[in-house]
Amino acid sequence: MIRVENLTKKFAGITAVDDISFKVDEGCIFGFLGPNGAGKTTTIRMLATLIKPTEGSIFVNGRTPSKDGEYIRSIIGILTETPGMYEKISACANLDYFSSFYGIEEIRRKQNIEKFLKLFGLWDRRNDLVSTYSKGMKQKLALARALIHEPKILFLDEPTAALDPESAFMVRSFIEQLKNDKTTVFLCTHNLEEASSLSDVVCIIKNRIIKIATLEELQKNKKGSNTEVIMAQDASLFEQVVKDTGLASNIAVENNRLAFSIESPEKSNPLIIKKLVNSGAEIIYINELKASLEEIYLDLIKS
Amino acid sequence: MKNSIKIFKKEIKEVIKNRSIWLPILAISIMFSVIFPAGLTMSTDSFLKDPDTTNFIAKVLQNTGNVEAAFLQFIIKQFMIFLLLIPAMLPSLIAPASIVLEKESSTLEPLIATPIKTGELLMGKTLTSMVPSFAISFINFVLITVIVDTLAYIRFGLVPLPTLEWFIVTFILSPILSFIITMASIIISSKSTDIRSAQGIGAVVIFPIYAVIGMQLAGLFLLNIKYLLAGCLVLLVVCPLVLKLAIRVFDRENILTKWKMK
């Protein structure tokens, strides 16, 4: 659906995006993560044909922005960082105005306006001026605008920012549903829990690509791992035993639970468990604690 | 073109709602299209009682026959130049408001992310600025003609309007001027983040019109067909230059990266 090869963008000598290449398959949710100024928005703008790359190639649904900019813009929907709605007209008028540029028939346009305003809980306020809307309502309206022409590819820049937990949950559920319609979602977010729960593939960028993989692959490749031991006794009695092995770090104790980080689970876990058993610990469970996307992200960004 | 019309339709509604745009235009229109022409036409008799005025008309307009007709022609030439104020002023008020409001509400990025062509967007903005300007200039033209002709006919049995100069000003010079001011205002607005400063700089763009008015009032020259056609020719040369510059400013990448945003 999207193919990017050696993409570079420079602004007055500053390299915002440096030689990135990736591929996004149809119906995939592609989590695009990175710190502020990492080049995420610039990349989205290049993919959406709004700015031209300095070097490299982009293919969106097999077409290039330089030749087929209008076609590409007709099959994409974009939620920008700021909602950007006309404040002095109603929500309905806003959606009708923006959707009119996609050449959709008026009847379908009206149906879609109703569908999305109802979906995002704005139908009752459809005729109110946008200036009377809260920040969260404007965000939902902007999301409705991005979806109004039923795009094949959706670029979402912080879709749940400014939303209350209930609305954020609803939006996340909706994004998950888009997969069933084979809509490709390019998700830019600082909410790593959200990225972790939604993304099929995660791309971490800091001007250059740091890592692209599925969450499972990232967890598998993360250096070191965490182990959790549940025992019959108070776990604090055995904290020193684990410390003395010299194999574990970040030891945490909570009631009958003992958690620690180790470099090599294959070598360290059997030794630590043996020591614990020899010291009289009655072990109930041993679990591998998978690294969160946040831990992986911070590790990669720091390194 | 369809998309430009959509933009025009949406924006013209906002212009109509915006009192700060149409109130000054309404005031100027009433002053220069109703009060002054009616007052001066009605007072022609009293002006002509002054021997200096009749001498002036005889010398400047080489008039030896109908003094009233000559005086009315002189007054009409003075109004004509004021008629240029509308096509100059209105675009300098509308175009900056239209662009700066888009910046303030951050609607430019989602708008240029639709399949619209930037040329269509520029055309839409241009229409929003030029159509009311042309419409009001035309209404003023009709108003002055009706008022002056009615009063002049009642008082002196004369129908001095319309003249060829009058047509040139309304149908050629005004639209050209309006187009240039619109393009200049769009270019200026790309660098402004608030309406007042954009309109303030826009007002400077129409300074040459004030200069022409001042020079004519000072008696340095009197507009005639030769001057008007020469003016049209000069401005026609300027048109493609400002258009080229506006198109360059209206590039998607320029809008997102070089325009000064709020």
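Criteria and cut-off values
- Residues numbered from 1 in each chain as written.
- Chains lettered and ligands numbered in written order.
- Predicted model: local features only at pLDDT ≥ 70, side-chain atom pairs only at ≥ 80, totals over all residues.
- Heavy atoms only, no water.
- Domains from an automatic or database assignment.
- Contact = heavy atoms within 4.5 Å.
- Buried area = accessible area lost by both parts, 1.4 Å probe.
- Salt bridge = Lys/Arg side-chain N within 4 Å of Asp/Glu carboxyl O.
- Polar contact = N/O pair within 3.5 Å; in protein donor to acceptor, adjacent residues only side chain to side chain.
- Helix = DSSP H or I, 4+ residues; strand = E, 2+ residues; numbered from the N terminus.
- Nonpolar A, V, L, I, M, F, W, Y, C, P; charged D, E, K, R; others polar.
- Core = buried A, V, L, I, M, F, W, Y, C linked by side-chain atoms within 4.5 Å.
- Buried < 20%, exposed > 50% of the residue type's maximum accessible area, 1.4 Å probe, protein only.
- Patch = residues over 30% accessible without salt bridge, like charges linked within 9 Å, V, L, I, M, F, W, Y side chains within 5 Å.
- Areas by Shrake-Rupley, 256 points an atom, 1.4 Å probe, with all protein chains shown as cover.
- Lys, Arg positive; Asp, Glu negative; His and termini not counted.
- Charge placed at Lys NZ, Arg CZ, Asp CG, Glu CD.
- 1 Å grid on protein atoms, 1.4 Å probe; cavity = no way out; pocket = protein on both sides within 12 Å on 5 of 7 lines; lining within 4 Å.
- Points joined across faces, edges and corners; volume = space filled by probe spheres on them.

A. Summary view of the domain arrangement of chain A. All names here are of chain A. Partitioning chain A into structural domains gives domain 1 (2-213) and domain 2 (223-302). For domain 1 versus domain 2, the separation of C-alpha centres amounts to 41 Å. Taken together, the contacts link 11 residues of domain 1 with five residues of domain 2. Taking both sides of the interface into account, the surface hidden between domain 1 and domain 2 amounts to around 740 Å²; carbon and sulfur atoms contribute 85%. Counting the surface domain 1 buries against domain 2, the share from its top three residues, L192, I204 and I210, is 57%. Applying the counting rule to domain 1 against domain 2 returns zero salt bridges. For the pair domain 1 and domain 2, the interface holds zero residue pairs in polar contact (both at pLDDT 80 or more). Only helix 7 (192-198), strand 8 (201-206) and strand 9 (208-213) provide two or more residues apiece to the side of domain 1 that touches domain 2.

B. Molecular detail of the interface of chain A and chain B. Counting residues at the interface gives 25 residues for chain A and 24 residues for chain B. When chain A packs against chain B, the two sides together hide about 2400 Å² of surface, and 62% of this comes from carbon and sulfur. Here chain A and chain B share four salt bridges between them. The partner of E70 of chain A in a salt bridge is K117 of chain B, and the shortest N-O contact between them spans 4.0 Å. At the junction of chain A with chain B, the criterion picks out seven residue pairs in polar contact (both at pLDDT 80 or more). Tallying contributions element by element places helix 2 (residues 65-75) of chain A first for the side of chain A that touches chain B, with three residues. Residue composition of the side of chain A that touches chain B, by class: 12 nonpolar, six polar and seven charged.

C. Seen up close, the nonpolar core. In this structure, I2, F22, F155 and F186 of chain A together with W166 of chain B are the most contacted members of the largest nonpolar core, which totals 102 residues. Non-local contacts of F22 of chain A, meaning those with residues more than four positions away in its chain, are made with I2, R3, V4, F30, F32, T43, L47, F186, I209 and I212 of chain A. Of all hydrophobic cores here, the second largest spans 32 residues; its members include C92, L154, L156 and F174 of chain A.

D. Expanded view of a positive patch on the surface. Together, K88 of chain A together with K9, K13 and K17 of chain B give the surface a local cluster of positive charge. Of note, K9 of chain B is situated in helix 1 (residues 2-17). By relative accessible area, K9 of chain B is classed as exposed at 52%.

E. Representation of empty space enclosed by the protein within the structure. Following the criterion strictly, the structure yields one cavity of 30 Å³ or more and no others. Size it by volume and the largest cavity reaches roughly 70 Å³. Lining of the largest cavity is provided by G77, I78, F98, Y102, R145, A146 and H149 of chain A together with P110, A113 and T114 of chain B. Elements with a minimum of two residues in the lining of the largest cavity: strand 5 (76-79) and helix 5 (135-147) of chain A. Of the residues belonging to the lining of the largest cavity, the class tally is six nonpolar, three polar and one charged.

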